[in-house]
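Reading the structure
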Amino acid sequence: MHRPDRSGGPTFLWAGFSVAGVNHRGTTVRDTGRPVEPVDRWANGPTTPARGSAKMSHVTPASPRRVSARLGAIAESATLAVDAKAKALKAAGRPVIGFGAGEPDFPTPRYIVDAAVAAAGDAVNHRYSPAAGLPVLREAIAAKTLRDSGYEVAPSQVLVTNGGKQAVFQAFAAIVDPGDEVLLPAPYWTTYPEAITLAGGVPVEVFAGADAGYLVSVEQLEAARTERTKALLFCSPSNPTGAVYSPEQTAEIGRWALEHGIWVITDEIYEHLLYDDAVFTPIVREVPELADTTIVLNGVAKTYAMTGWRVGWMIGPADVIKAATNFQSHLTSNVANVSQRAAVAALTGDLAAVEEMRTAFDRRRRTMVELLSAIDGVVCPVPKGAFYAYPSVEGVLGRTIRGVTPTTSAELAALILDEVEVAVVPGEAFGPSGYLRLSYALGDDDLVEGVTRIAALLGEAR
């Protein structure tokens, strides 16, 4: 468990509160009581004169800061950065193979695209619509929840968001007050700690390594709990590890959260991407009493190959959804109507296309794990969900490869890109060093070629 540093540091104002500035990886910098420094709005020119002044006078800025501490503390998304770099190198003619992108390599199913084309021609979709989402889509999400998760929600409990990321941030913004702690099982998706800290919360990492299958226990969660613990982030199937909690583990964690009055924010975006004997277990179905203190996050991106359409949602208690809807009404208003109509088609259609993609991912998963596990110094637990492998490379670190001795997974990832032109995401993006994330949502031939290059390079380690 990583307990954040409580030392003093910069502050910023948000929503009328003085909130501790936060750096990346969940380490907090507490409010020192120093006043927030004013920002000169005329950075390159005169300021507005004082009332009654006859002339403009130049005022020296109190601080050279141009970007607020709040936004300046946010780290770039490591996964998107790796993917962007790989694409840039490829565009420049380099034979780069990228394992960084967390998106299916399949096109959106045709029937969904056709629904969007029809919607684009309908003038009703050319206007503003309710901030909470089209009623027909909220109804479809409620019906899909009953179908796939086995419990009922009212359409009024659904808020449609601009992709899953907006749902993640708004969930934390809706329930977290400054200084509240959020338990964050690690390895975790890189956006979670940033969203927590933007909401004024304090991420508390609870780490489970490869030896534990990347699954945290109730005992670990209890050891991390304090009187300031407000919520638990629960993600199964997991990004970045592909780990899946069993029904028994999910129920145990749910009962623990209920006993201690801890909110659960559960990310279920990979619910349909499961392999071997793994099953998707909605925590609210296992512990129905949690419904009043649980926010469910989901979307169409991963299941239906719709990452670019930007449709997600959150489901929760009526008061929380109302507050988040009010926030969204000022932040972005409604999600694009054409995308919402496409999402309706996705959710009300059958899952045949989803099963075809899942079958391909399963084949690639087995190939990737086999190839990675054959590399000396690499340990790769078998992922049971999503489309990521998360091997431990601790056995490679500290060994010399082509004159370089990487001691962190970030250094190793840089070496792999420089030497064999394969892009992977280092473990530092998701928690502790010593790991790599590789997405198997890419073509079979590229997958084999990319891992073969990595194997050849790491085989030179001495």
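First, a word on scope: everything that follows refers to the structure included in this document. All figures in this text were calculated on a predicted structure; none of them were measured in a lab.

**Things to note about the layout of surface pockets**
- What the largest pocket holds in volume is close to 490 Å³.
- Together, 29 residues line the largest pocket, and G102, K165, W189, K302 and R310 are the ones closest to its centre.
- Considering only residue class, the lining of the largest pocket consists of 11 nonpolar, 11 polar and seven charged.
- As a volume, the second largest pocket reaches approximately 320 Å³.
- In terms of lining, the second largest pocket is formed by 18 residues, of which the most central are D83, K87, G98, A101 and L442.
- Looking at the lining of the second largest pocket, the element that brings in the most residues is helix α2 (residues 78–91), giving four residues.
- Here the lining of the second largest pocket is composed, by residue class, of eight nonpolar, four polar and six charged.

**Focus on the sheet that holds strand β7 (residues 181–186)**
- Ordered in space as β6-β12-β11-β10-β9-β7-β8, the seven strands form an open sheet in which the pairing is mixed. At either end of the open sheet lies a strand with only one pairing partner, and these are β6 (158–161) and β8 (202–207). Between one strand axis and the next, the sheet turns through 20° on average, direction left out of account.
- Note: strand β10 (residues 263–267) against strand β11 (residues 294–299), four bridges, orientation parallel.

**Some points on the pattern of salt bridges**
- Counting across every chain of the model gives 20 salt bridges.
- R110 is paired through a salt bridge with D114; the nearest N and O atoms lie 3.0 Å apart. A residue pair is termed a helical-turn pair when its members lie 3 or 4 positions apart in one helix, as R110 and D114 do in helix α3 (residues 110–120) at four residues.

**Brief notes about the pairing of β10**
- Counting buried positions along β10 yields five of five residues, so the element is predominantly enclosed.
- Burial along β10 is two-sided: the face carrying W263, I265 and D267 and the face carrying V264 and T266 are both buried.
- Here five bridges tie strand β9 (residues 229–235) to β10, and the two strands are oriented parallel to one another. Residue pairing in the sheet places C235 in a bridge with D267 of β10.
- With helix α8 (residues 247–259) bridging β9 and the parallel β10, this β-α-β connection has right-handed handedness.

**Some thoughts on the environment of S329**
- Locating S329 in the fold gives a position in helix α10 (residues 318–331).
- The sequence separation of S329 and P130 amounts to 199 residues, and the corresponding C-alpha distance is 8.6 Å.

**Section: the packing of aromatic side chains**
- Counted under the stated rule, the structure contains 14 aromatic pairs.
- Consider the rings of F106 and F361, whose centres lie 5.6 Å apart with planes at 70°: the pair is edge-to-face. Here F106, found in the loop between β5 (97–98) and α3, pairs with F361, found in helix α12 (residues 352–373); they are 255 residues apart in sequence, far enough to count as distant.
- Ring pairing ties together the aromatic residues F106, Y270, F361, F387 and Y388, which thus form one cluster.

Parameters at a glance
- Residues numbered from 1 in each chain as written.
- Predicted model: local features only at pLDDT ≥ 70, side-chain atom pairs only at ≥ 80, totals over all residues.
- Heavy atoms only, no water.
- 1 Å grid on protein atoms, 1.4 Å probe; cavity = no way out; pocket = protein on both sides within 12 Å on 5 of 7 lines; lining within 4 Å.
- Points joined across faces, edges and corners; volume = space filled by probe spheres on them.
- Nonpolar A, V, L, I, M, F, W, Y, C, P; charged D, E, K, R; others polar.
- Helix = DSSP H or I, 4+ residues; strand = E, 2+ residues; numbered from the N terminus.
- Pairing = 2+ DSSP bridges.
- Axes fitted to C-alpha atoms, helices over the stretch in contact; angles between N-to-C directions.
- Salt bridge = Lys/Arg side-chain N within 4 Å of Asp/Glu carboxyl O.
- Buried < 20%, exposed > 50% of the residue type's maximum accessible area, 1.4 Å probe, protein only.
- Right-handed = clockwise from strand over helix to strand, strands pointing away.
- Phe/Tyr/Trp six-rings, centres within 6.5 Å; stacked < 30°, edge-to-face > 60°.

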